[in-house]
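Notes for the structure review
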Amino acid sequence: MRRKLAAGNWKMNGTTANLAEIEALAAAHPAPRCDVLICPPATLVAQMAWKAGKGPVAVGGQDCHPEVSGAHTGDVSAAMLADAGARYVIVGHSERRADHGETDALVRAKAEAAHAAGLVAIVCVGETETQRDAGETLDVIGAQLEGSVPAGATSANTVIAYEPVWAIGTGRTPTLDQIAEVHDFLRAGLAKRFADAGDMRLLYGGSVKPSNASEIFATSNVDGALVGGASLKAADFGAIVAALDAS
Ligand code: PGA
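Nothing here was measured: the structure is a model prediction, and the numbers come from that model.

A separate point is the overall build of the protein chain. Across its full length, the protein chain holds ten helices and eight strands. On C-alpha atoms alone, the protein chain measures out to a radius of gyration of 17 Å, which is about the 18 Å that the 2.2 N^0.38 rule sets for 247 residues. Taken along the three principal axes of its C-alpha coordinates, the protein chain extends 45 × 45 × 35 Å. Relative to its 247 residues, the protein chain shows a buried fraction of 51%. For the protein chain, long-range pairs separated by at least 24 residues make up 73% of all intrachain contacts whose partners lie at least 6 apart in sequence. Surface accessibility of the protein chain: about 10,500 Å² in total, with carbon and sulfur atoms responsible for 54%.

Another aspect to go through is unusual backbone geometry. Although it is not a glycine, K11 sits at a positive phi angle of roughly 55°. With respect to the secondary-structure elements, K11 resides in the loop between β1 (5–9) and α1 (20–28). Exposure remark for K11: the relative accessible area of 22% places this residue in the partly exposed category. Its identity as a non-glycine residue notwithstanding, N221 has a phi of 65°, on the positive side. With respect to the helices and strands, the residue N221 is situated in the loop between α9 (210–217) and β8 (224–227).

I160, L186 and F217 are the most contacted members of the largest nonpolar core, which has 60 residues in total. Counting residues per element, this core draws most heavily on helix α10 (residues 234–246), at six residues. If sequence neighbours within four positions are ignored, F217 has contacts with V222, G224, A225, I240, A243, L244 and S247. Ranked by size, the runner-up nonpolar core spans 14 residues in total, among them L5, A58, I122 and A161.

Moving on, we come to the packing of aromatic side chains. The full count for this structure, using the stated rule, is one aromatic pair. With a centroid separation of 6.1 Å and 65° between ring planes, the pair formed by Y162 and Y204 is classed as edge-to-face. Taken together, the positions of Y162 in strand β6 (residues 158–162) and Y204 in strand β7 (residues 201–205) put the pair 42 residues apart, joining distant regions of the chain.

Bringing the side chain of N212 into the picture now. Of note, N212 is situated in helix α9. A polar atom in the side chain of N212 sits 2.8 Å from the backbone nitrogen of K209. Here N212 is in contact with T173 and S207, once residues within four sequence places are set aside.

Okay, the site of the ligand next. Lining the immediate environment of the ligand, one finds 13 residues, of which K11, H93, E163, G169 and S207 sit closest. Take E163: an N or O atom from its side chain is 2.6 Å from an oxygen atom of the ligand. Out of a free accessible area of 280 Å², the ligand has 95% covered by protein chains. Of the pockets mapped on this structure, the ligand occupies the second largest pocket. For the shell around the ligand, the residue count by class is four nonpolar, seven polar and two charged.

All right, on to the sheet that holds strand β3 (residues 57–61) then. Overall, parallel pairing links the eight strands, which are arranged β1-β2-β3-β4-β5-β6-β7-β8 in a closed barrel. The average undirected angle you get between the axes of adjacent strands in this sheet is 25°. As paired elements, β1 and β8 share four bridges and run parallel to each other. Looking across to β8, one finds that A6 is bridged to A225. Those strands touched by α1 are β2 (35–39) and β3, and its axis lies near 145° from that of β3. Against the sheet, helix α5 (residues 104–116) makes contact with β4 (88–91), β5 (120–125) and β6, and its axis sits at roughly 160° relative to β5, the strand it touches most.

Attention now moves to the layout of surface pockets. Quantified by volume, the largest pocket comes out at close to 560 Å³. If one sorts the elements of the lining of the largest pocket by residue count, helix α4 (residues 94–99) sits on top with three residues. Classifying every residue of the lining of the largest pocket gives seven nonpolar, eight polar and six charged. Quantified by volume, the second largest pocket comes out at close to 170 Å³. Together, 17 residues line the second largest pocket, and G169, G206, S207, G228 and G229 are the ones closest to its centre. Its residues assigned to classes, the lining of the second largest pocket shows five nonpolar, ten polar and two charged.

About the cut-offs
Residues numbered from 1 in each chain as written. Predicted model: local features only at pLDDT ≥ 70, side-chain atom pairs only at ≥ 80, totals over all residues. Heavy atoms only, no water. Helix = DSSP H or I, 4+ residues; strand = E, 2+ residues; numbered from the N terminus. Rg over C-alpha atoms; globule rule 2.2 N^0.38 Å. Buried < 20%, exposed > 50% of the residue type's maximum accessible area, 1.4 Å probe, protein only. Contact = heavy atoms within 4.5 Å. Areas by Shrake-Rupley, 256 points an atom, 1.4 Å probe, with all protein chains shown as cover. Core = buried A, V, L, I, M, F, W, Y, C linked by side-chain atoms within 4.5 Å. Phe/Tyr/Trp six-rings, centres within 6.5 Å; stacked < 30°, edge-to-face > 60°. Polar contact = N/O pair within 3.5 Å; in protein donor to acceptor, adjacent residues only side chain to side chain. Near = heavy atom within 4 Å. 1 Å grid on protein atoms, 1.4 Å probe; cavity = no way out; pocket = protein on both sides within 12 Å on 5 of 7 lines; lining within 4 Å. Sits in = over half its atoms within 2 Å of the grid points. Nonpolar A, V, L, I, M, F, W, Y, C, P; charged D, E, K, R; others polar. Pairing = 2+ DSSP bridges. Axes fitted to C-alpha atoms, helices over the stretch in contact; angles between N-to-C directions. Points joined across faces, edges and corners; volume = space filled by probe spheres on them.

Here it is, written out as structure tokens:
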């Protein structure tokens, strides 16, 4: 049985004032059946992890550098995130791939760094609208999966997130059949490389909100969600956690 995961990605949002959201989330969902994760900006990881304590909400980073330390101004290593109390880190988010030119090879190196630091890597893949319209979706995702997921990935240290670029922050989502097609393809692709692919968690991300969470969670091979905008408020994210628990 795959333990489901509701992951929130705050992106470049949140200051110390927003730490109250995690307390509200933990208070409203003290014992969820699924795993619950918030990935705040790096500035908040340590404080959020301290506030989260041994409660139901885990904390993660949104990116990491592939090296442990060194002359990389402005970067944060996986080891530093782990030291700050993170248990997960997102790698290869499409905003990183687009804004910072991250390649599959770099994303793979970041995932390896996450594993070395004892973090679970959430490796993101997803097609652009142009690629979908050109019928290239599965080719693009297959190549990203092959190039971004390191050989050492296991169901314990790696989660895959399918996030169509055109669905992120737009309010648009693929049809449930389109989500199922990609998630089934991901499961089959992972099975060719990893013995425990059947236990790896596959998240859907892109405009998940309380009103569409239940139907997405009922879709084939969807083990949870990576949520941006709707993770910022405890009430909205809590409703998504509740939908995942009920699925
Ligand atoms: P969104 O973002 O939920 O705001 O669409 C998802 C993500 O980028 O992880």
